[in-house]
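What follows is each chain in one-letter form.
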Amino acid sequence: MNRFFGRRYIISAIFIVLILVLLGRLFYVQIIDDRYRIYAESQAKRIFYLNPARGPILDRNGKILVQNQAFYDVMVTPNLVKPPFDTGEFCKLFNIDTAEFNRRMAKANKYSRSQQSVFEKQLSPEAYASIEERLSEFSGFQSSTRYLRTYPESVAAQFLGYIGEVHDNDIKKSGGYYHQGDFTGVTGVEKSYESVLRGRRGVQYKLVDARGRPQGEWANGAFDTTAVAGERLTSSLDIRIQKFGEQLMHNKVGSIVAIEPSTGEILCYVSSPTYDPNLMVGHDRGKHAAELYKDPYKPFFIRPIQAYYPPGSSFKPVDALIAEQQGLITPQTTYFCPGYYVSGNRHIKCFHGESHGTVDLAKAVAESCNGYFFMVFEKLVNKYGWKNTDSAFTAWRDNVSKFGLGTRLDLDMPGEGRGNLPKATYYDKVYHKGGWRSGTVISLGIGQGELLATPLQLANLECTIANHGYYYKPHLVKGIGDKNIIRTEYTQRNFVNVDSQYFEPVINGMQQVVENGTAVASKIPGIVMCGKTGTAQINNKVDNSVFVCYAPRDHPRIAVAVIVENAGQGAQWAAPIASFIVEKYLRDSISVRPSGITPEFFMNANILPDLGNYGQKLKAKPVPRDTLNKMGIDTSDHKEAPANKAPLKSASGRKHKATKPVLIAALVNKEEDEH
Amino acid sequence: MNTNQQRNFFFNVDWLMVGIYLTLCAIGVLNIHSAIFNPKQPALYDLSTDYGKQLLFVVIGISVGIVILLLDTRFISSLAPFFYGITVFLLMLVLVVGRNVGGNQAWIPLFGGFRLQPSEFAKLSTCLLLARYLSGTNIKITDTRSFAIAAAIIGLPMFLIMLQPDAGSTLVFSCLIFVLYREGLSPYFLILEGLFILLFVLTLKLNNAVGIVGVLTGLAILIILMFRRNGKLIRVIVMGLAICVSFVFCVRFIYTKVLKPHQKSRIDIVLGITSDPKGKGYNVHQSIIAIGSGKMWGRGYMRGTQTKFAFVPEQQTDFIFCTVGEEWGFAGSTVVLSLYLLLVLRIIRIAERQRSPFSRIYAYGVASAIFFHVFINVGMTIGIVPSIGIPLPLISYGGSSLLSFTVMIFILIKLDSNRMGIIY
């Protein structure tokens, strides 16, 4: 005890007050301020995604079109690379020199010393097998498996499409499903069946330490989900005829579409020129994509559904069927073809100006008499009197569109085009209202003029004829998953409002085309095929070769549309190719043809269009004015209309100038590649 | 009574102190276990881990404590200068042979990978020698000579530790001002120390030394004018003003010229002059997140992500309180701080019941040292004190620190158990 005894209280008070200061601050930090729990969670909780295997795609016979193949990345964790480490041996294993080794290690070090980074990318299974056993001798190195799409048969690129990293827009639209760096279908079936193919991603919540290394499950894995692999798709394609078709179309520009009429399943979907889908996978995909994009023949252009062609003579049966249904003609209706057709006061030349004499419906189809179908078309468009062109035309248009022309067929692929089936309002705009008559638009009657169709629409038209009046919507995927689920809309018949008995005369005519008509050279011994050639031209000196057909006549199993651009007569190129496809599908072999044509000849033929003309051709729009109206008498269906030529020429001339340097450059590149 | 004492070594032992001591040690081991838990070595007693080692230190500490209880109290007092001498020698030795860890040359390597940190023991021996000196006859702290000697006893180890340089451990010795105050030092010193802290903060925060000096002078003149007749007060005020003004300029000088950039930045962050949660302020930022995320009841034993996953650095030593805050929440933090407060107040109570001034002075030294450590360490983890690395007594990992505090506390218990005995 001394006189400073009281100071114990002061000291105690100071201690108590300071401890209270600490407690006050703790109270604020722990109870009042809510941010810190969130900070802590966001620092330590990390979401890891388990990407499921993407669904494989098979052809209709179970052959693999796309599968996932394992590739191996060799990963390095720099701070685990410890002596004894034989750098020389290691470099030998990877076939690199020490400088390269040091460069890669420096890069890995820069990324992180304690986390894995890629040392060697995407080794093939064969390459990996050679180093697999020895890799464990080197501390710090591990392998990581990654799955890539591979296409064992290298076919059907435009059907299969490709996958690529998601864009910001996809991420926004997906509502949180996609993240930066994910892959998604960009085109083709990969895009349209993305939600089925991708499967369901697994999510793992993990705790990570300050260096980002996983340290265990968050909430004991209660919120984790496992990855569910993507569904398997069974395509309707038949890989045999798909491959065969691509070979036949080699070095040609055009398209083959084959459909099974009894189901609407697409058997063959060739767009030429094509490319190897394997180019769009892996390390060099960007480079390959750029090269393909620059290719003037545009391999990315999906011709079966995006290219528009005048159907030409292959359209003629449609007019006849509609007219028959409406009682405007009968199979016995005849027309005397003097080699030209008189519409109003105009003379329009028949094909090649030859006289067909008296033709009935079947003969008109078989001989492709323009005059007959001009007559049929005028009957249709003038059925309400020749002044009421407008309403009769609209009625005609409605009937035609039932055949799937001028409208999308809802193919299960992205990017399908409508073709072009002009409306009455279109002509009202071009000519003033009431200023056009049947003669003005008469070229529509023979599938020319503004009428444009995709190869898919033409093939579908053949299915309708083969089925005597209905079609199934064409589709490329016949079953999803193990249960082979199919969308119900693909199992419903779409009727075209023409009774089945009216088809016989047309079919008879189409059979004659192959038996002894224009396509006689493509006759397949022992198979009754019905077909129709078309020689449709747009604005080129050389015609597009068109052929549509189905076979056999009774119980049809395949309907085909073939278009070879800038090739000439339908019978010359398209028809033989179609006949090979038909025979290959029905018999799986090619018999000796009496006409002597062989698939090898077509496979080897190179009829790629001249680049100078070609650049503008893809961009050619529907003809703005009806050629016949301005041209009058001198028009035949393979000749140009001069009045129409003028504006187009100037327009295309400009384009030509603009594109020329690019095209030349592309050509030079191509040559270099070949050497 | 003497016979009783001889019969039973645990006679008159303050069991509350022992209880608090053991509780804090247990809290320490458990929190270290949780903070740096290694799933490959889960056992608490695995000697290759820090928690295993800490458990060993606790066992050693308890053994040493029992040995101390067996000693004669005279022994402790008379050997104080000897201990002090050894400590000073070790503090010099460490400057020569010391192992440099984290920028401080503070450790002398021992056998088996253990290291001795002499600065931890310097607190103990300084307290002992200070008590021994101040309890001597005719020693009054108010005498200039006695004050100077007392200051020298404190100042020598401070100086040596500053050479390491270990700012935290150096500052610990300033807490002994409470001892001197209790023994009769003028309260002006205490006020001055508080004023220094205030001025220190203001000087650096406002960055305007002249302005502060002006305000101080104005205040002094005002007080002098108000109490014109009180001559003694005027003298004190004038002296205080002179000291304060020189302090302000000293602070500025030291801050701008002497301090190293990393020390400056630590001060800057605590004072809120700069904020840099990714760089220099990372430790404190992560530490506050850890403690703040504990909320009321904490995240539970071994559930703290901040500390276990090394977001908080030095999570088992200087930042061990983060684990307490994160896993046991405000409730746990309050319990731990209350235990410390209870310990310190208990020591003060023990101090005041001693008949021997040596025991009393020593007890105040122990209380001040423990309190200072707790306040600075916890204050640092919640960002109200600059992060100067000093351990949390009995809880932080570290053998030197634990043993030093153990010996401190058990010497006190021994002295207290003998309080009825002869006064030396």
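As the structure is a prediction and not an experimental result, all values here were calculated from the model. (Residues numbered from 1 in each chain as written. Chains lettered and ligands numbered in written order. Predicted model: local features only at pLDDT ≥ 70, side-chain atom pairs only at ≥ 80, totals over all residues.)

### Regarding the overall build of chain B
Here is step 1: Helix and strand counts for chain B come out as 18 helices and three strands.
Here is step 2: Counting over 424 residues, chain B shows a buried share of 46%.
Here is step 3: When contacts within chain B are restricted to residue pairs at least 6 apart in sequence, long-range pairs at least 24 apart make up 68% of them. (Helix = DSSP H or I, 4+ residues; strand = E, 2+ residues; numbered from the N terminus. Buried ≥ 20, exposed ≤ 12 C-beta atoms within 10 Å, placed from the backbone. Contact = placed C-beta atoms within 7 Å.)

### Overview of the overall build of chain A
Here is step 1: Each helix and strand counted, chain A has 24 helices and 22 strands in total.
Here is step 2: Looking at chain A as a whole, 42% of its 675 residues qualify as buried.
Here is step 3: Contacts spanning at least 24 positions in sequence make up 73% of the contacts within chain A whose residues lie at least 6 apart.

### Some remarks on the interface of chain B and chain A
Here is step 1: In this assembly, 36 residues from chain B lie in contact with 29 residues from chain A.
Here is step 2: Listed by contribution, the elements that provide at least two residues to the side of chain B that touches chain A are α9 (177–182), α14 (282–292), α15 (305–308), α16 (320–352) and α17 (357–381) of chain B.
Here is step 3: Counting residues per element, the side of chain B that touches chain A draws most heavily on α16(B), at eleven residues.
Here is step 4: Among the residues making up the side of chain B that touches chain A, the classes are represented as 21 nonpolar, eleven polar and four charged. (Nonpolar A, V, L, I, M, F, W, Y, C, P; charged D, E, K, R; others polar.)

### Brief notes about the packing of helix α6 (residues 118–134) of chain B against α17(B)
Residues and elements named next belong to chain B.
Here is step 1: Orientation of α6 relative to α17, taken along the N-to-C sense of each, is 150°, at an axis distance of 8 Å. Remark: the crossing between α6 and α17 carries right-handed chirality. Here α6 contributes K123, C127, L128, L130, A131, R132 and L134 to the contact with α17, which in turn contributes F358, I361, Y362, G365, V366 and A369.
Here is step 2: Taken together, the residues that form the contact of α6 with α17 break down as ten nonpolar, one polar and two charged. (Axes fitted to C-alpha atoms, helices over the stretch in contact; angles between N-to-C directions. Left-handed = near helix turned anticlockwise from the far one by under 90°.)

### Notes on the sheet that holds strand β8 (residues 202–208) of chain A
Residues and elements named next belong to chain A.
Here is step 1: Sheet architecture is open: three strands sit in the order β1-β8-β9, paired in antiparallel fashion. At either margin of the open sheet sits one strand with a lone partner, and together these are β1 (45–50) and β9 (214–217). Averaged over all neighbouring strand pairs, the angle between strand axes comes to 45°, with direction disregarded.
Here is step 2: Relative to β8, β1 runs antiparallel, the two sharing six bridges. (Pairing = 2+ DSSP bridges.)

### Overview of the sheet that holds strand β11 (residues 254–260) of chain A
Residue and element names in this part refer to chain A.
Here is step 1: Strand order in this open sheet of five strands is β12-β11-β22-β21-β20, and the pairing throughout is antiparallel. If you trace the sheet from one side to the other, it starts and ends with β12 (265–272) and β20 (530–536), each paired once. Within the sheet, the average angular offset between the axes of one strand and its neighbour, ignoring direction, is 5°.
Here is step 2: The pairing of strand β21 (residues 544–551) with strand β22 (residues 558–564) spans seven bridges and is antiparallel. Bridge assignment links A551 to a residue of β22, and that residue is I558.
Here is step 3: Across the sheet, helix α20 (residues 574–587) touches β11, β12, β20, β21 and β22, and the angle it forms with β22 is around 150°.

### With respect to the nonpolar core
Here is step 1: By size, the foremost hydrophobic cluster in this structure holds 130 residues, and its most contacted members are A258(A), A459(A), V560(A) and I581(A).
Here is step 2: Residue-level mapping places this core at the junction of two domains, with at least three residues from each of domain 1 (42–63 + 153–235) and domain 3 (239–589 + 611–659) of chain A.
Here is step 3: Setting aside anything within four residues of it in sequence, one finds A258(A) in contact with I241(A), L267(A), C268(A), A459(A), I558(A), A559(A), V560(A), I581(A) and Y585(A).
Here is step 4: Among the nonpolar cores identified, the runner-up in size contains 115 residues, and Y36(A), I153(B), Y340(B) and L341(B) belong to it. (Core = buried A, V, L, I, M, F, W, Y, C linked by C-beta atoms within 7 Å. Domains from an automatic or database assignment.)

### A look at the environment of L160(B)
Residue and element names in this part refer to chain B.
Here is step 1: Structurally, L160 is set in helix α7 (residues 144–162).
Here is step 2: Look at L160 and you get buried, because 21 C-beta atoms sit within 10 Å.
Here is step 3: Residues L160 and T170 lie ten residues apart in sequence; the distance between their C-alpha atoms is 8.6 Å.
Here is step 4: Look past the residues within four positions of L160 in its chain and what remains in contact with it is V88, L91 and M92.

### Things to note about the pairing of strand β15 (residues 346–349) of chain A
A regular strand places its side chains so that they alternate between the two faces of the sheet.
All names here are of chain A.
Here is step 1: The pairing of strand β14 (residues 340–343) with β15 spans four bridges and is antiparallel. Within β15, the position partnered with V342 by the bridge is H347.
Here is step 2: Connecting β14 to the next strand, β15, in antiparallel fashion are two residues, including G344 with a positive phi near 60°.

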